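Descriptive structure summary
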Amino acid sequence: MTGRHTTQTAPQNPRAFRLPDIPEKHPDDMTSFKHLAENGNVGRIKTHLAHPETTIVSGERYICAVPGGPIRYPDLLVAFDADPELYEANNGYVVSFQGKPPELALEIASRHTWRTDVEVKPGFYASLGVREYWRFDETGEFHGARLAGDRLVDGRYHPIVVEEMADGELRGYSEALGLYFCWRQGRLDWYDPSAEDYIPSLESEQQRANTERQLRQQAEERVRQLEAELRQR
(Lines give C-alpha, C1' and ligand atoms only; values in the text may rest on other atoms or scores of the structure.)
Protein backbone atom coordinates (compact mmCIF):
# COMPACT_ATOMS: atom_id res chain seq x y z
CA MET A 1 0.00 0.00 0.00
CA THR A 2 1.02 3.63 -0.29
CA GLY A 3 3.00 5.48 2.33
CA ARG A 4 4.52 8.75 3.36
CA HIS A 5 7.30 10.02 5.63
CA THR A 6 7.35 10.67 9.33
CA THR A 7 9.64 13.25 10.89
CA GLN A 8 9.22 12.18 14.50
CA THR A 9 12.44 12.11 16.52
CA ALA A 10 13.51 8.76 17.92
CA PRO A 11 12.88 8.67 21.69
CA GLN A 12 15.33 7.26 24.21
CA ASN A 13 12.67 4.73 25.14
CA PRO A 14 11.69 2.77 21.97
CA ARG A 15 8.30 1.94 23.45
CA ALA A 16 7.48 5.64 23.61
CA PHE A 17 7.72 5.97 19.83
CA ARG A 18 4.53 5.53 17.85
CA LEU A 19 4.09 5.48 14.09
CA PRO A 20 1.01 7.21 12.66
CA ASP A 21 -2.09 5.31 11.65
CA ILE A 22 -2.32 4.50 7.97
CA PRO A 23 -4.54 6.81 5.89
CA GLU A 24 -8.14 5.99 5.17
CA LYS A 25 -8.23 3.37 2.46
CA HIS A 26 -9.47 3.99 -1.06
CA PRO A 27 -12.47 1.78 -1.99
CA ASP A 28 -10.32 0.03 -4.61
CA ASP A 29 -7.93 -1.08 -1.86
CA MET A 30 -10.48 -3.38 -0.24
CA THR A 31 -9.04 -6.36 -2.15
CA SER A 32 -6.65 -6.86 0.77
CA PHE A 33 -9.59 -7.15 3.16
CA LYS A 34 -11.25 -9.68 0.84
CA HIS A 35 -8.23 -11.98 0.62
CA LEU A 36 -6.80 -11.61 4.14
CA ALA A 37 -9.36 -10.53 6.73
CA GLU A 38 -12.80 -11.40 5.42
CA ASN A 39 -11.95 -15.05 4.75
CA GLY A 40 -9.88 -15.51 7.92
CA ASN A 41 -6.53 -15.95 6.16
CA VAL A 42 -4.62 -13.84 8.67
CA GLY A 43 -5.95 -15.99 11.50
CA ARG A 44 -5.11 -19.17 9.59
CA ILE A 45 -1.47 -18.29 8.98
CA LYS A 46 -1.07 -16.88 12.49
CA THR A 47 -2.40 -20.12 14.02
CA HIS A 48 -0.24 -22.25 11.76
CA LEU A 49 2.98 -20.37 12.51
CA ALA A 50 2.21 -20.36 16.26
CA HIS A 51 4.62 -18.92 18.87
CA PRO A 52 2.62 -15.67 19.29
CA GLU A 53 5.06 -14.48 21.96
CA THR A 54 7.82 -14.08 19.35
CA THR A 55 5.98 -14.05 16.02
CA ILE A 56 4.30 -11.06 14.39
CA VAL A 57 1.62 -11.75 11.79
CA SER A 58 -0.05 -8.48 10.96
CA GLY A 59 -0.46 -5.85 8.32
CA GLU A 60 -1.73 -2.44 7.32
CA ARG A 61 0.61 -0.76 9.77
CA TYR A 62 3.70 1.17 8.78
CA ILE A 63 7.17 -0.30 8.63
CA CYS A 64 10.40 1.70 8.59
CA ALA A 65 14.12 1.20 9.09
CA VAL A 66 14.48 3.89 11.77
CA PRO A 67 12.19 6.55 13.26
CA GLY A 68 12.00 9.45 10.86
CA GLY A 69 12.83 7.35 7.82
CA PRO A 70 10.63 6.47 4.84
CA ILE A 71 7.56 4.43 5.71
CA ARG A 72 5.23 2.10 3.84
CA TYR A 73 2.64 -0.38 4.95
CA PRO A 74 2.30 -3.95 3.64
CA ASP A 75 -0.97 -5.84 3.46
CA LEU A 76 0.66 -8.69 5.39
CA LEU A 77 3.89 -8.81 7.39
CA VAL A 78 5.48 -11.83 9.07
CA ALA A 79 8.40 -11.56 11.48
CA PHE A 80 9.95 -14.30 13.63
CA ASP A 81 12.06 -13.80 16.76
CA ALA A 82 10.43 -10.39 17.14
CA ASP A 83 8.69 -8.46 19.91
CA PRO A 84 4.90 -8.29 19.33
CA GLU A 85 4.40 -6.01 22.34
CA LEU A 86 6.92 -3.52 20.94
CA TYR A 87 5.17 -3.75 17.57
CA GLU A 88 1.90 -2.79 19.26
CA ALA A 89 3.54 0.02 21.23
CA ASN A 90 5.12 1.44 18.06
CA ASN A 91 1.90 0.95 16.04
CA GLY A 92 4.07 -0.72 13.42
CA TYR A 93 7.44 -2.30 12.71
CA VAL A 94 10.65 -0.33 13.32
CA VAL A 95 13.59 -2.43 12.17
CA SER A 96 16.13 -0.65 14.39
CA PHE A 97 13.97 -1.27 17.47
CA GLN A 98 13.16 -4.89 16.64
CA GLY A 99 16.81 -5.59 15.83
CA LYS A 100 16.02 -7.38 12.59
CA PRO A 101 13.89 -7.02 9.45
CA PRO A 102 10.71 -9.05 8.94
CA GLU A 103 10.90 -12.35 7.14
CA LEU A 104 8.17 -11.53 4.66
CA ALA A 105 5.90 -8.87 3.21
CA LEU A 106 2.86 -9.48 0.99
CA GLU A 107 0.87 -7.09 -1.17
CA ILE A 108 -2.59 -7.77 -2.60
CA ALA A 109 -3.15 -6.12 -6.00
CA SER A 110 -5.69 -3.35 -6.33
CA ARG A 111 -6.48 -0.85 -9.05
CA HIS A 112 -5.37 1.99 -6.81
CA THR A 113 -2.01 0.65 -5.56
CA TRP A 114 -0.66 -1.91 -8.02
CA ARG A 115 1.95 0.40 -9.55
CA THR A 116 3.46 1.08 -6.13
CA ASP A 117 3.49 -2.65 -5.38
CA VAL A 118 5.43 -3.38 -8.56
CA GLU A 119 7.64 -0.31 -9.03
CA VAL A 120 8.29 1.09 -5.56
CA LYS A 121 7.83 -1.58 -2.90
CA PRO A 122 10.57 -3.97 -4.11
CA GLY A 123 13.30 -1.37 -3.63
CA PHE A 124 11.87 -0.26 -0.30
CA TYR A 125 11.55 -3.73 1.19
CA ALA A 126 14.98 -4.74 -0.13
CA SER A 127 16.51 -1.69 1.56
CA LEU A 128 15.04 -2.87 4.87
CA GLY A 129 16.35 -6.40 4.39
CA VAL A 130 12.93 -8.09 4.14
CA ARG A 131 13.79 -11.66 3.19
CA GLU A 132 10.86 -12.32 0.83
CA TYR A 133 8.42 -10.06 -1.00
CA TRP A 134 5.24 -11.66 -2.39
CA ARG A 135 2.49 -10.28 -4.62
CA PHE A 136 -0.97 -11.77 -5.12
CA ASP A 137 -3.31 -10.64 -7.87
CA GLU A 138 -6.74 -12.28 -8.11
CA THR A 139 -6.97 -11.78 -11.88
CA GLY A 140 -3.41 -10.93 -12.94
CA GLU A 141 -4.74 -7.67 -14.36
CA PHE A 142 -2.63 -5.33 -12.24
CA HIS A 143 0.63 -6.96 -11.13
CA GLY A 144 1.10 -8.66 -14.48
CA ALA A 145 1.09 -12.06 -12.74
CA ARG A 146 -1.45 -13.73 -10.50
CA LEU A 147 1.25 -14.85 -8.05
CA ALA A 148 4.85 -13.64 -7.78
CA GLY A 149 7.55 -13.73 -5.16
CA ASP A 150 11.11 -12.49 -4.75
CA ARG A 151 13.84 -13.64 -2.39
CA LEU A 152 16.60 -11.33 -1.14
CA VAL A 153 20.11 -12.41 -2.19
CA ASP A 154 23.09 -10.13 -1.58
CA GLY A 155 20.81 -7.15 -1.09
CA ARG A 156 18.77 -7.65 -4.27
CA TYR A 157 15.53 -9.47 -4.99
CA HIS A 158 15.56 -12.47 -7.31
CA PRO A 159 12.37 -14.10 -8.62
CA ILE A 160 11.02 -17.20 -6.90
CA VAL A 161 9.88 -19.95 -9.24
CA VAL A 162 6.08 -20.18 -9.45
CA GLU A 163 4.76 -23.42 -10.90
CA GLU A 164 1.37 -24.11 -12.46
CA MET A 165 -0.29 -27.32 -11.27
CA ALA A 166 -2.45 -29.61 -13.39
CA ASP A 167 -5.65 -27.97 -12.15
CA GLY A 168 -4.40 -24.45 -12.92
CA GLU A 169 -3.35 -23.68 -9.35
CA LEU A 170 -0.14 -21.65 -8.99
CA ARG A 171 2.44 -22.40 -6.28
CA GLY A 172 5.63 -20.69 -5.19
CA TYR A 173 7.75 -21.94 -2.29
CA SER A 174 8.47 -19.61 0.60
CA GLU A 175 11.68 -20.61 2.38
CA ALA A 176 10.85 -18.07 5.07
CA LEU A 177 7.59 -19.81 6.00
CA GLY A 178 8.31 -23.37 4.85
CA LEU A 179 5.04 -23.18 2.91
CA TYR A 180 3.90 -22.77 -0.67
CA PHE A 181 2.05 -19.58 -1.52
CA CYS A 182 -0.89 -20.57 -3.70
CA TRP A 183 -3.22 -18.93 -6.18
CA ARG A 184 -6.30 -21.19 -6.20
CA GLN A 185 -9.11 -20.09 -8.51
CA GLY A 186 -8.51 -16.49 -7.54
CA ARG A 187 -8.05 -17.20 -3.83
CA LEU A 188 -4.90 -16.88 -1.72
CA ASP A 189 -3.90 -20.04 0.12
CA TRP A 190 -0.90 -21.83 1.63
CA TYR A 191 0.15 -25.45 1.10
CA ASP A 192 2.20 -27.25 3.76
CA PRO A 193 4.53 -29.77 2.07
CA SER A 194 5.30 -31.52 5.37
CA ALA A 195 1.60 -32.26 5.92
CA GLU A 196 0.91 -32.65 2.19
CA ASP A 197 -2.17 -30.50 2.62
CA TYR A 198 -3.30 -26.88 2.79
CA ILE A 199 -2.95 -25.26 6.17
CA PRO A 200 -6.10 -25.76 8.25
CA SER A 201 -8.91 -23.24 8.24
CA LEU A 202 -10.15 -21.86 11.53
CA GLU A 203 -13.30 -23.92 11.08
CA SER A 204 -11.39 -27.17 10.56
CA GLU A 205 -9.23 -26.42 13.59
CA GLN A 206 -12.37 -25.92 15.67
CA GLN A 207 -13.82 -29.16 14.35
CA ARG A 208 -10.60 -30.98 15.21
CA ALA A 209 -10.66 -29.53 18.72
CA ASN A 210 -14.28 -30.56 19.15
CA THR A 211 -13.52 -34.10 17.97
CA GLU A 212 -10.56 -34.39 20.33
CA ARG A 213 -12.72 -33.14 23.21
CA GLN A 214 -15.44 -35.67 22.41
CA LEU A 215 -12.94 -38.53 22.21
CA ARG A 216 -11.39 -37.44 25.51
CA GLN A 217 -14.81 -37.29 27.18
CA GLN A 218 -15.67 -40.76 25.82
CA ALA A 219 -12.39 -42.16 27.13
CA GLU A 220 -12.96 -40.60 30.55
CA GLU A 221 -16.47 -42.01 30.64
CA ARG A 222 -15.16 -45.47 29.75
CA VAL A 223 -12.61 -45.26 32.57
CA ARG A 224 -15.37 -44.35 35.03
CA GLN A 225 -17.45 -47.31 33.84
CA LEU A 226 -14.55 -49.70 34.27
CA GLU A 227 -13.84 -48.34 37.75
CA ALA A 228 -17.50 -48.79 38.70
CA GLU A 229 -17.47 -52.39 37.42
CA LEU A 230 -14.35 -53.15 39.47
CA ARG A 231 -15.92 -51.77 42.62
CA GLN A 232 -18.96 -54.06 42.16
CA ARG A 233 -16.84 -57.23 42.04
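The structure this text deals with has already been given above.
Described in the following lines is the structure provided in the data block.

Looking at helix α2 (residues 41-49)
Residues lying three or four places apart along an α-helix face the same way, a consequence of the helix completing one turn every 3.6 residues. Residues of α2 that are buried: Asn41, Arg44, Ile45 and Leu49. When α2 is viewed along its axis, its buried side chains cluster within an angular range of 120° and face the same direction. Backbone geometry just after α2 places alanine 50 at a positive phi near 60°.

As for the pattern of salt bridges
As a working rule, side chains carrying opposite charge can pair if their charged atoms are close by. Under the defined criterion, the tally for this structure stands at 16 salt bridges. Glutamate 107 is the salt-bridge partner of lysine 121, the closest N and O atoms lying 2.6 Å from each other. With lysine 121 in helix α5 (residues 114-128) and glutamate 107 in strand β5 (residues 104-108), this residue pair connects regions lying 14 residues apart in the sequence. Just as lysine 121 is buried, glutamate 107 falls in that class too. With a shortest N-O distance of 3.4 Å, arginine 151 and glutamate 175 are connected by a salt bridge.

Description of the side chain of arginine 44
On the secondary structure map, arginine 44 appears in helix α2. In terms of polar contacts, arginine 44 uses its side chain to reach the backbone carbonyl oxygen of proline 200, at 3.3 Å.

Digging into unusual backbone geometry
Note: most residues except glycine have negative phi, and most peptide bonds are trans. The phi dihedral of aspartate 81 falls on the positive side, at around 50°, and the residue is not glycine. Along the chain, the position of aspartate 81 falls in the loop between β3 (76-79) and α3 (84-90). The phi dihedral of aspartate 154 is positive, around 55°, even though this residue is not glycine. Owing to a relative accessible area of 78%, aspartate 154 belongs among the exposed residues under this scheme.

Re the packing of aromatic side chains
In this description, a pair of aromatic rings is defined by centroid distance and the angle of the planes. Counted under the stated rule, the structure contains 11 aromatic pairs. Ring geometry for tyrosine 87 and tyrosine 93: centres 6.5 Å apart, planes at 55°, overall tilted. Look at tyrosine 87 and you get buried, because its relative accessible area is 3%. Between tyrosine 191 and tyrosine 198, the ring centres sit 5.3 Å apart and the planes meet at 80°, which makes this aromatic pair edge-to-face. Here a set of aromatic residues connected by ring pairs shows up, and it is made of Phe124, Tyr125, Tyr133 and Tyr157. Arginine 171 extends its terminal NZ or CZ atom over the ring of tyrosine 191, reaching a point 3.9 Å from the ring centre. The ring of tyrosine 198 has arginine 184 lying over it, and the distance from NZ or CZ to the ring centre is 3.7 Å.

Thoughts on the side chain of histidine 35
Take histidine 35: it is sitting in helix α1 (residues 31-37). In contact with histidine 35, other than residues within four places in its own chain, are Asn41, Ile108, Phe136, Glu138, Gly186, Arg187 and Leu188.

Section: the sheet that holds strand β13 (residues 197-198)
Spatially, β9-β10-β11-β12-β13 is the arrangement adopted by the 5 strands of the open sheet, whose pairing is antiparallel. If you trace the sheet from one side to the other, it starts and ends with β9 (162-164) and β13, each paired once. Packed onto the sheet, α2 meets β11 (179-184) and β12 (187-192) and runs at close to 15° relative to β12.

What counts as what
- Residues numbered from 1 in each chain as written.
- Predicted model: local features only at pLDDT ≥ 70, side-chain atom pairs only at ≥ 80, totals over all residues.
- Heavy atoms only, no water.
- Buried < 20%, exposed > 50% of the residue type's maximum accessible area, 1.4 Å probe, protein only.
- Helix = DSSP H or I, 4+ residues; strand = E, 2+ residues; numbered from the N terminus.
- Arc of directions from axis to C-beta.
- Salt bridge = Lys/Arg side-chain N within 4 Å of Asp/Glu carboxyl O.
- Polar contact = N/O pair within 3.5 Å; in protein donor to acceptor, adjacent residues only side chain to side chain.
- Phe/Tyr/Trp six-rings, centres within 6.5 Å; stacked < 30°, edge-to-face > 60°.
- Lys NZ or Arg CZ within 6 Å of the ring centre and 35° of its normal.
- Contact = heavy atoms within 4.5 Å.
- Pairing = 2+ DSSP bridges.
- Axes fitted to C-alpha atoms, helices over the stretch in contact; angles between N-to-C directions.

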